[in-house]
Amino acid sequence: MATTNGLDELVSFAARLEGVSTAALVAADPARAAGFAVRAGPVYANFARQRYDRAALEALFAVAESVGAEERLRALFSGEPVNATEGRAALHTALRGDLTGTESGRQAHAMAQEVRERMRALIDGLAVSQVTDIVSVGIGGSDLGPRLVVDALAPVVGGRFRVHFLSNVDGAAAQRVLAQLDPARTAVLLISKTFGTQETLLNGAILRAWLGDDRRLYAITANPPRATAAFDIPPERVLPMWDWVGGRYSLWSAVGFPIALAIGMDQFEALLGGAAGMDAHVLLTPLRENLAVWHAMTAVWNRNALKLSTQAVLPYDERLKLLPNYLQQLVMESLGKSVRLDGSPVAVDTVPVWWGGAGTDSQHSFFQALHQGTNVEPLDFIGIARPDHDHPGNHLALLANLFAQSEAFANGQSSEDPHRSYAGQRPSTLILLDELTPQSLGALIAMYEHSVYLQGLVWGINPFDQFGVELGKQVANRLLPALEGRHAAEDPVTAALIAEWRERASLSR
Ligand SMILES: O=P(O)(O)OC[C@H]1O[C@H](O)[C@H](O)[C@@H](O)[C@@H]1O
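Remember, it's a predicted structure, so these values are computed and weren't measured experimentally. Just so you know, the residues in each chain are numbered from 1, in the order the chain's sequence is written. Given that this is a predicted model, residues contribute local features only at a pLDDT of at least 70 and side-chain atom pairs are listed and counted only at 80 or more, while totals for whole chains, interfaces and linings are drawn from all residues. The side-chain quantities take in all heavy atoms of the structure and omit both hydrogens and water.

1. Side note on a nonpolar patch on the surface
Right, on to step 1. Together, Leu 480, Leu 483 and Trp 501 make up an exposed nonpolar region whose accessible area comes to about 260 Å².
Right, on to step 2. Going along the chain from the N terminus, every DSSP run of H or I of four or more residues is numbered as a helix, and every run of E of two or more is numbered as a strand. In this structure, Leu 480 sits in helix H18 (residues 470-483).
Right, on to step 3. Think of it in three bands: with a 1.4 Å probe and only protein chains considered, a residue is buried below 20% of the maximum accessible area for its type, exposed above 50%, and partly exposed in between. Classification of Leu 480 as partly exposed rests on a relative accessible area of 39%. Note on patches: the residues involved have over 30% relative accessible area and no salt bridge, like charges join within 9 Å, and the nonpolar side chains Val, Leu, Ile, Met, Phe, Trp and Tyr join within 5 Å. For every accessible area listed, the method is Shrake-Rupley and the probe measures 1.4 Å; residues are considered covered only by the protein chains on display. The term salt bridge refers to a pairing of a side-chain nitrogen on Lys or Arg with a carboxyl oxygen on Asp or Glu at a separation within 4 Å.

2. Section: the UniProt feature "active site" (unreviewed entry) in the protein chain
Right, on to step 1. UniProt positions are given in the numbering used here, feature names are shortened, and annotations may be inferred rather than shown by experiment. UniProt annotation of "active site" (unreviewed entry) refers to Glu 333, His 364 and Lys 473 when read in the numbering used here. In summary, the annotated positions, distributed over 141 residues, remain apart in three dimensions as well, the widest C-alpha pair reaching 36.5 Å.
Right, on to step 2. By secondary structure assignment, the location of His 364 is in the loop between strand E9 (353-356) and helix H15 (367-372).
Right, on to step 3. According to the relative accessible area criterion, His 364 is exposed, its value standing at 70%.
Right, on to step 4. Examined against the element boundaries, Lys 473 turns out to sit in helix H18.
Right, on to step 5. For Lys 473, a relative accessible area of 41% translates into the label partly exposed.

3. As for the sheet that holds strand E2 (residues 43-46)
Right, on to step 1. At least two DSSP bridges between two strands are needed for those strands to be called paired. Taken in spatial order, the six strands make up an open sheet running E1-E2-E11-E10-E8-E9, and their pairing is mixed. Lying at the two open borders of the sheet, with one neighbouring strand each, are strand E1 (37-40) and E9. Averaged over all pairs of adjacent strands, the angle between strand axes in this sheet comes to 20°, irrespective of strand direction.
Right, on to step 2. By the bridge criterion, four bridges tie strand E8 (residues 310-315) to strand E10 (residues 379-386) in an arrangement that is parallel. Its bridge partner lying in E10, Val 313 is registered against Asp 380.
Right, on to step 3. Here helix H16 (residues 392-411) sits on the sheet and contacts E10 and strand E11 (428-435); the angle it forms with E10, its principal contact strand, is near 150°.
Right, on to step 4. Packing against the sheet, helix H17 (residues 438-459) makes contact with E2, E8, E9, E10 and E11, and its axis sits at approximately 150° to E11. Axis lines are fitted to C-alpha atoms, over the contacting stretch for helices. Their N-to-C directions set the angle, which ranges from 0 to 180 degrees. It only takes one pair of heavy atoms within 4.5 Å for two residues to be counted as in contact.

4. Details of the packing of aromatic side chains
Right, on to step 1. Working definition: a ring pair exists when centres of Phe, Tyr or Trp rings (six-membered ring for Trp) sit within 6.5 Å. Plane angles under 30 degrees give stacked, over 60 give edge-to-face, the rest tilted. Per the counting criterion, the structure on display carries 15 aromatic pairs.
Right, on to step 2. Ring centres of Phe 381 and Phe 409 lie 6.3 Å apart, and the angle between their planes is 35°; on these two criteria the pair is classed as tilted. Linking Phe 381 in strand E10 with Phe 409 in helix H16, this pair joins segments that are 28 residues apart in sequence.
Right, on to step 3. Three or more aromatic residues link up through ring pairs in this structure, and these residues are Phe 36, Phe 47, Tyr 52, Phe 61, Trp 294 and Trp 301.
Right, on to step 4. The criterion for a charge sitting over a ring is simple: Lys NZ or Arg CZ within 6 Å of the ring centre, and within 35 degrees of the ring normal. The ring of Trp 252 has Arg 96 lying over it, and the distance from NZ or CZ to the ring centre is 4.6 Å.

5. Re helix H9 (residues 198-211)
Right, on to step 1. Expected helix span is taken as 1.5 Å per residue step, with the number of steps being one fewer than the number of residues. With 14 residues, H9 should cover 20 Å at 1.5 Å per step; its first-to-last C-alpha distance of 20 Å lies within 8% of that length.
Right, on to step 2. Those residues of H9 lying buried are Thr 200, Asn 203, Gly 204, Leu 207 and Leu 211. Burial along H9 is one-sided: seen end-on, the buried residues are contained in an arc of 110°.
Right, on to step 3. Lining the buried residues of H9 we find strand E3 (133-137), strand E4 (162-166), helix H8 (171-179), strand E5 (186-191), strand E6 (217-221) and helix H10 (224-231).
Right, on to step 4. Looking one or two places after H9, you find Gly 212, whose phi comes out positive at around 75°. What the arc describes is the spread of directions from the helix axis to the C-beta atoms.

6. Things to note about the domain arrangement of the protein chain
Right, on to step 1. Taken domain by domain, the protein chain comprises domain 1 (7-66 + 286-412 + 422-465), domain 2 (92-269) and domain 3 (469-506).
Right, on to step 2. On the domain 2 side, the residues contacting the 26 residues of domain 1 number 19 residues.
Right, on to step 3. Once two parts are put together, the accessible area they lose, assessed with a 1.4 Å probe and summed over both, is termed the buried area. Summing both partners gives a buried area of about 2,000 Å² for domain 1 against domain 2, and 65% of it is carried by carbon and sulfur.
Right, on to step 4. Remark: the boundary between domain 1 and domain 2 carries three salt bridges. Domain segmentation is taken from an automatic or database assignment of domains.

Structure representation (structure tokens):
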């Protein structure tokens, strides 16, 4: 019987707390309101409205200790092959610092520094050219991180270039991006760790033809020969990445080139510095004061003790509206596994569905279901203490909504009218950043990275592979000839769908 790492005992703690309101949990423990909180640099998180008490928390920390959290964090930072199914290290931390001084950590850090110097030189070269716009072509881990950071920070600390992103293979995406650009004033980045991703290769071909001048075509990849073979991109315009950095952990590498172009190299380095500060906190802080441990074990409690099936992320800041999209890949591609490292099936539920949306807009879309639906969904609220705009009244209203929703979800409201009563007892964490800067955003993202790693540890799964994304691609490659009419699809339903499509496509002409 596969070990559950003691998670099955947590259910008894949850049973003991059933029917105890969140308000009662807070009232019973006067130090809880401010005491169930952890600060790490610019990131503060308050867990007081989660549905556990100190005894349950202690059981959670005991689980973290039982899986060797502190030792496994050192293994991660030291470059041990923690990506066991692929026999690789996962040294995204080395991209922003070297805390362990091990040979592999030191080497990785030096390689990353060298690439950053090349990034800086390329930016300096582009800065004296006629280029004003950058199109970053990539998908998944080669897109979501840069897209989030550029969208969050470019308007505030924006640099010399306007950066546009192209990911979807749908030609409408390329058409929309190119419609607003002048090829003579545009440079194109092809970002692909494997340089074998269909969407990026097809979109790259469109962009190369549109650009008309290969000298403004760059590649960021762990497979430079493919970039040269596919697009004649010479080595001086290829920035390397490495197999010891997972795609969804790679925005700190040359995958972050569009970020550096959008906000400047110094601000990109500040982003890495923020992540490095969180790394130091996570690696060196004892479990019970460790923000990533609190966050990870809270996620484990909601998933395995309370049996909750989703996790929502609600950034109350327009600049972080892409954070849920980014976290969907980081969390669900890392933890969406059902086989343990030893090949045996997991004995517990692993990743819930992660989703979310920016506040206050989300209050006008799915909050009805969250307040009065039959499901209970744990919530990560994220707020920014200090705005960077000149509308203080709006900022106070935003924060009032943020604090109000956290309270309303926790406490609910009874009513004579059953249609107007709120059950409450919805668990939430409230994360506050002092302000939104490269440093604080870097720290926040790094915290989520380490929380994911620790959740994977507790569930006994590998957070660094993603074999589950291959089957769909293989079937798509098999179906392309069927869509081109060269042979029939094997699956009868697919064959019927393609026949219907073919008829409608021809009719629509
Ligand atoms: O960077 P690439 O090799 O083009 O891969 C892009 C993305 O595609 C893969 O299918 C995985 O879903 C992602 O983990 C990866 O980031």
